[in-house]
Amino acid sequence: MRRKIVAGNWKMNKTLDEAVALVSEVVNMVKDEVTGDVQVVLCPPFVYLTTIRQYLQGQSRVALGAQNCHEKASGAYTGDIAAPMLQSIGVQYVILGHSERRQYAGETNAQLAEKVNIALAHGLTPIFCCGESLEQRQAEIHFDFVRTQLTESLFHLSPEQFADIVIAYEPIWAIGTGLTASSEQAQEMHALLREHIAGKYGAEVADNTSLLYGGSANEKNAAELFACPDVDGGLIGGASLKSREFTNVVKARQ
Ligand code: PGA
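Nothing here was measured: the structure is a model prediction, and the numbers come from that model. (Residues numbered from 1 in each chain as written. Predicted model: local features only at pLDDT ≥ 70, side-chain atom pairs only at ≥ 80, totals over all residues. Heavy atoms only, no water.)

Trainee: Is there a simple way to think about the nonpolar core in this case?
Mentor: With 67 residues, the main nonpolar core has Leu154, Phe162 and Ile167 as its most contacted residues. Beyond its immediate chain neighbours, meaning those up to four positions away, Phe162 contacts Leu154, Phe155, Leu157, Ile167, Ile197, Tyr201, Val205 and Thr209. Grouped together as the second largest cluster of nonpolar side chains are 13 residues, Ala7, Tyr93, Cys129 and Val166 included. (Core = buried A, V, L, I, M, F, W, Y, C linked by side-chain atoms within 4.5 Å. Buried < 20%, exposed > 50% of the residue type's maximum accessible area, 1.4 Å probe, protein only. Contact = heavy atoms within 4.5 Å.)

Printed below as a string of structure tokens:
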């Protein structure tokens, strides 16, 4: 059974006090208001992971995620963070291949395949991001582009390994821009991704894969996006920085 997931990607935001306030509010609101079977994942900056984890103890509905990890298990990589480190502090999910990392850190599909491997080897569930630019959509190569991102970074996995992957479709033109993909555009791409996964791993694996939408999703548009049959949840950036709004997005998915 595919899981319903709403993940908050805090990106490079919040001081420690603000991060603690946000997690406390989210945990309380989720406890009081969310009754369905949605899995919430909070992905704060690395430096707050250990602190935030303390606020999530006993909260199985709210899991902890990181925003990236290195492709090697350890070594001379100043400033980087390795998957075994994340595992050792109780992190459960890791966002991999976010378009901002592809753009600003030059992450490639081949490098992401390695990151996916190391994350899985250390018990982390990758939230693998894919998505096209506006130019690619206008040139009508967006379907091929996103299919290739999956093929090159994920399709070396065994079916058992692939079962642990969560995919987030995030059209770059919709991230942080206030421009959301229409529910038709989201559904169209999600259906195509599921078909692509089915072509490689079979219908059952494809049916069980959680496909999240990301890109200016918020409390106003979440219900319509989540009503799409192939949209299983969301990866939420800006709207995850406000506890009330983020909880409303979670409630739209439960
Ligand atoms: P946004 O970001 O919701 O602010 O558009 C989503 C993301 O980049 O994960």
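Trainee: Looking at this structure, how should I read the layout of surface pockets?
Mentor: Estimated volume of the largest pocket: approximately 380 Å³. Considering the residues around the largest pocket, the lining is formed by 13 residues, among which Lys11, Met12, Gln67, Asn68 and Arg101 are closest to the centre. The element that contributes the greatest number of residues to the lining of the largest pocket is helix α4 (residues 99–104), accounting for three residues. Classifying every residue of the lining of the largest pocket gives six nonpolar, four polar and three charged. If you add up the space inside the second largest pocket, you get close to 230 Å³. In terms of lining residues, the second largest pocket is bounded by 21 residues, among which Gly176, Ser216, Gly237, Gly238 and Ala239 are the most central. Counted by class, the lining of the second largest pocket contains seven nonpolar, 10 polar and four charged residues. (1 Å grid on protein atoms, 1.4 Å probe; cavity = no way out; pocket = protein on both sides within 12 Å on 5 of 7 lines; lining within 4 Å. Points joined across faces, edges and corners; volume = space filled by probe spheres on them. Helix = DSSP H or I, 4+ residues; strand = E, 2+ residues; numbered from the N terminus. Nonpolar A, V, L, I, M, F, W, Y, C, P; charged D, E, K, R; others polar.)

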